[in-house]
Amino acid sequence: MLGRVVPLGRPLRFLVAGGLNTLFGLAFYPLLLWAVPYFRAHYMIALGIAQAICLCFSFATYKLGVFRTRGNILREFAAFASFYLFNYAANWAALPLLVEVGGISPIVAQLGFTIVLVIGSWFWHNRVTFRDRSAP
């Protein structure tokens, strides 16, 4: 069986890509805070940069690795981004409250927010972003 590719179902591919995207996102934000001293005091700027880069990375992994759609890049990216832009807005409102008022570290607060995001993303991407337009 060496060399044989075992086809993965879409839900399993989604979990694998989601895990990769989550690891990338969870690593990227703290890396910005660690690598750039300015971002330690300005963690919201780091959040914006991390979100923009992670959005593009995630779109590529879901489009190419999970849903394997062809074409429709602008429509799919708009639907994909709309899901995350809504979540980013909620994140931008919640993170300062959790950090400044709740005294939670920015990294721990982001981890909790990410867990909620993962669950909602399957439903949105499967039914809206990458849905088969030819199916009734």
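Before reading on, note that the structure itself is shown above.
A quick note: this is a predicted structure, and the numbers were derived from the prediction, not measured.

Engineer: In this structure, what is going on with the environment of Gln51? I would like to understand it.
Structural biologist: Among the secondary structure elements, Gln51 is positioned in helix α3 (residues 43-67). Separated by 44 residues in the primary sequence, Gln51 and Leu95 have C-alpha atoms spaced 13 Å apart.

Engineer: Looking at this structure, I do not really get a nonpolar patch on the surface. What am I missing?
Structural biologist: On the surface, Tyr38, Ile45, Ile49 and Ile53 cluster together into a nonpolar patch covering about 340 Å² of accessible area. Ranked by residue count, the leading element in the nonpolar patch is α3, at 3 residues. Tracing the chain through its elements places Tyr38 in helix α2 (residues 37-41). With a relative accessible area of 46%, Tyr38 lands in the partly exposed category.

Engineer: Please explain the layout of surface pockets as it appears in this structure.
Structural biologist: If you roll a probe as big as a water molecule over the atoms, it shows you where there is empty space left. Taken as a whole, the largest pocket spans an internal volume of roughly 500 Å³. Along the walls of the largest pocket sit 29 residues, with Asn21, Thr22, Gly25, Thr114 and Leu117 positioned nearest its centre. Put simply, the parts of the chain that give the lining of the largest pocket at least two residues each are α1 (10-35), α3, α4 (73-101) and α5 (106-129). Per-element tally for the lining of the largest pocket: the top contributor is α1, with 10 residues. Here the residues of the lining of the largest pocket are counted per class, giving 17 nonpolar, 12 polar and no charged.

Engineer: Please clarify how the side chain of Asn21 should be interpreted in this entry.
Structural biologist: Summarising the element assignment, Asn21 is placed in helix α1. Since its relative accessible area comes to 8%, Asn21 is described here as buried. Setting aside residues no more than four positions away along its own chain, Asn21 makes contact with Phe57, Ser58, Thr61 and Tyr62.

Engineer: Before we go on, may I ask you to explain the pattern of salt bridges in this structure?
Structural biologist: Between side chains of opposite charge, a pair can form when the charged atoms approach closely. In the structure shown here, the tally under the stated rule is 2 salt bridges. Close ionic contact of Glu76 with Lys63 constitutes a salt bridge, the shortest N to O distance being 2.5 Å. Of this pair, Glu76 sits in helix α4 while Lys63 sits in helix α3, and the two are 13 residues apart along the sequence. The exposure classification of Glu76 matches that of Lys63, with both residues buried.

About the thresholds
- Residues numbered from 1 in each chain as written.
- Predicted model: local features only at pLDDT ≥ 70, side-chain atom pairs only at ≥ 80, totals over all residues.
- Heavy atoms only, no water.
- Helix = DSSP H or I, 4+ residues; strand = E, 2+ residues; numbered from the N terminus.
- Patch = residues over 30% accessible without salt bridge, like charges linked within 9 Å, V, L, I, M, F, W, Y side chains within 5 Å.
- Areas by Shrake-Rupley, 256 points an atom, 1.4 Å probe, with all protein chains shown as cover.
- Salt bridge = Lys/Arg side-chain N within 4 Å of Asp/Glu carboxyl O.
- Buried < 20%, exposed > 50% of the residue type's maximum accessible area, 1.4 Å probe, protein only.
- 1 Å grid on protein atoms, 1.4 Å probe; cavity = no way out; pocket = protein on both sides within 12 Å on 5 of 7 lines; lining within 4 Å.
- Points joined across faces, edges and corners; volume = space filled by probe spheres on them.
- Nonpolar A, V, L, I, M, F, W, Y, C, P; charged D, E, K, R; others polar.
- Contact = heavy atoms within 4.5 Å.

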